[in-house]
Amino acid sequence: MQIASPVLAEKRPTTPHDLEESEIVERIRSILAAHGSTTVLLAHHYQRREIVDLADFRGDSFELCMAASRQREAERIVFCGVRFMVESASILAREDQSVFHPNERAGCPMADMASCSLVEDAWADLEARGLASTTIPVTYMNSDADLKAFTGRNGGIVCTSSNATRVFDWAFERGERIIFYPDEHLGRNVANWAGIPRDLQFIYDPRLPLGGLSEEDFRRSRVLLWKGYCHVHTHFTADHIEHARSKWPGVYVMAHPECTEEVVAEADFSGSTSQMCRKVAEAPAGAIFAIATEVNMIHRLAYEHPDKQVHTLSRSLCPNMYRINLYNLYDLVRDIENAEPVVLSAQVQHDARLALDRMLAVP
Ligand code: 13P
Ligand code: SF4
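Please read these numbers as outputs of a predicted model, since none were measured by experiment.

Criteria and cut-off values
By convention here, each chain's residues receive numbers from 1 onward along its written sequence. A letter from A marks each chain and a number from 1 marks each ligand, given out in the order of writing. Reporting of local features is limited, given that this is a predicted model, to residues whose pLDDT is at least 70; pairs of side-chain atoms are given and counted only at 80 or more, and all residues count toward the totals for whole chains, interfaces and linings. Computation of side-chain values: all heavy atoms of the structure, hydrogens and water removed. Axis definition: a line fitted to C-alpha atoms, limited for helices to the stretch in contact. Angles are taken between N-to-C directions and run from 0 to 180 degrees. In this text, helices come from DSSP runs of H or I with a minimum length of four residues, and strands from runs of E with a minimum of two, each type numbered from the N-terminal end. An angle below 35 degrees is treated as roughly parallel, one above 145 as roughly antiparallel, one from 65 to 115 as roughly perpendicular, and anything else as oblique. What makes two residues a contact is simply this: any of their non-hydrogen atoms within 4.5 Å. Ten residue types, Ala, Val, Leu, Ile, Met, Phe, Trp, Tyr, Cys and Pro, are classed as nonpolar, four, Asp, Glu, Lys and Arg, as charged, and the remainder, Gly among them, as polar. One heavy atom within 4 Å of a molecule or strand is enough for the residue carrying it to be called near that molecule or strand. Here a polar contact is taken to be a pair of N or O atoms separated by no more than 3.5 Å, where protein atoms must pair a possible hydrogen donor with a possible acceptor and residues adjacent in sequence count only if both atoms sit in side chains. Computed with a 1.4 Å probe, the accessible areas rest on the Shrake-Rupley method; for each residue, only the protein chains presented here act as cover. Ring geometry is summarised as follows: Phe, Tyr and Trp rings, the Trp one being its six-membered ring, pair when their centres sit within 6.5 Å, and such pairs are stacked at plane angles under 30 degrees, edge-to-face over 60 and tilted between the two. Placement of a positive charge over a ring is assigned whenever Lys NZ or Arg CZ falls within 6 Å of the ring centre and within 35 degrees of the normal to the ring plane. Any residue under 20% of the maximum accessible area for its type is buried, any over 50% is exposed, and the rest in between are partly exposed; the area is computed with a 1.4 Å probe on protein chains only.

### A few points about the packing of helix H8 (residues 164-172) against helix H9 (residues 184-193)
- Contact geometry of H8 with H9 gives a least axis separation of 9 Å together with a crossing angle of 70°. By the angle between their axes, H8 is roughly perpendicular relative to H9. Along its contact with H8, which presents Ala 164, Thr 165 and Phe 168, the element H9 presents Leu 186, Gly 187, Val 190, Ala 191 and Trp 193.
- For the contact of H8 with H9, a count of residues per class yields six nonpolar, two polar and no charged.

So this is what it looks like as structure tokens:
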């Protein structure tokens, strides 16, 4: 007996698979050229090279969010990234703009680790102890739209890996503690950079009653870190760094802040995807890099900078970013007039925008 699983169902691209990739690329190019500035294509750094090559803008999640909000002439924004990025672009878009995702199955497992209802339970724990009024909710960009909306409604803010330190400062100007979700590691690294003593950072584990914390922990906490993680980045270890340093003497090691604090402590630099791209671009010829982040970005950097050595610290691929390909992109753009754009409820749109606008206003 075959069991139909709605969870696994993925729309099969209708683009014939015997079409040469170069032919599909040409077709996409000519469709987009015919649209002119009315359709804009955005691609995150983790996208495959052939997708990034087609993009009008490439960037990290913050830059793409800004690029989406600045597309005043565009009627359609095609976003090659994962769902939380597409939703954020849709929240920031004008009412007469539509945002499209080539594959709606491209989500982010880390975003899924903090469902809005679980975070509401955590907030209720804080309210029951009279601590919610002095707590600022901070959500990483990698979160669902309804969680951003919850955050906005409760005086909170969004951050990305490129502005998280400044966002923490913003939050501490307004409250005594932060509840940060969904990534324990990004939250931990930023709390460390902000100089929050280790014994005032607590992990909130949503699987346990009261997050696994005591009354005293709640009261003392300056940062509550949601127990979520990105499997692409927790893959890297301090041993990988030790190995890289012995293999490539003089190597400059960079790690995305979704890596564990041990890895970030051992690295020479930690920053957003764009910040790491800039480091490579600005380095002199002959520089050697080993990078702890998604492999597609690293391979592209190596390809674009043949005068430098750019290595992966260890291969780690984001399968969700990889779900966007030439086939589903071509399927979308060739019939975009009949495609379904991302639609969010008016309430989610409004409340999530509060949290995103607060982030955009942080200097
Ligand atoms: P950036 O904000 O650095 O682009 O990272 C997004 C992401 O999904 C990292 O896993
Ligand atoms: Fe999510 Fe990690 Fe993929 Fe980024 S790399 S989209 S955090 S699973």
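Read on, since the account is not over.
### Observations concerning the site of ligand 1
- Surrounding ligand 1, one finds His 44, Tyr 46, Asp 60, Ser 61, Phe 84, Asn 142, Ser 161, His 233, His 256, Glu 258, Ser 272 and Thr 273.
- Asn 142 places a polar side-chain atom, nitrogen or oxygen, 3.2 Å from an oxygen atom of ligand 1.
- Taking Ser 161, its side chain carries an N or O atom lying 2.8 Å from an oxygen atom of ligand 1.
- Isolated, ligand 1 exposes 300 Å² of accessible area, and the fraction of that covered by the protein chains is 96%.

### Some words on the site of ligand 2
- All residues in the neighbourhood of ligand 2 are listed as Tyr 46, Val 82, Cys 108, Pro 109, Met 110, Asn 142, Cys 230, Val 232, Glu 258 and Cys 318.
- Partitioning the shell around ligand 2 into residue classes produces eight nonpolar, one polar and one charged.

### Structural notes on the packing of aromatic side chains
- Going through the model one piece at a time under the given rule, you end up with eight aromatic pairs.
- For the ring pair Tyr 204 and Trp 226, a centre distance of 5.4 Å and an interplane angle of 20° mean the geometry is stacked. Pair noted here: Tyr 204 is in strand S8 (residues 201-204) and Trp 226 is in strand S9 (residues 223-226), with a separation of 22 residues, a long-range link.
- An aromatic cluster of three or more residues is present, and its members are Tyr 140, Phe 168, Phe 172 and Phe 180.
- Between Arg 49 and the ring centre of Tyr 303, over which it is positioned, the NZ or CZ distance is 3.7 Å.
- The residue whose ring lies beneath Arg 222 is Phe 172, and the NZ or CZ to ring-centre distance is 4.3 Å.

### Some points on the environment of Phe 180
- You can see Phe 180 is positioned in strand S7 (residues 177-181).
- Given a relative accessible area of 0%, Phe 180 falls into the buried group.
- Separated by 83 residues in sequence, Phe 180 and Gln 97 place their C-alpha atoms 31 Å apart.
- Filtering out sequence-adjacent residues up to four positions away, Phe 180 remains in contact with Val 138, Tyr 140, Cys 159, Phe 168, Leu 186, Gly 187, Leu 224, Leu 225 and Trp 226.

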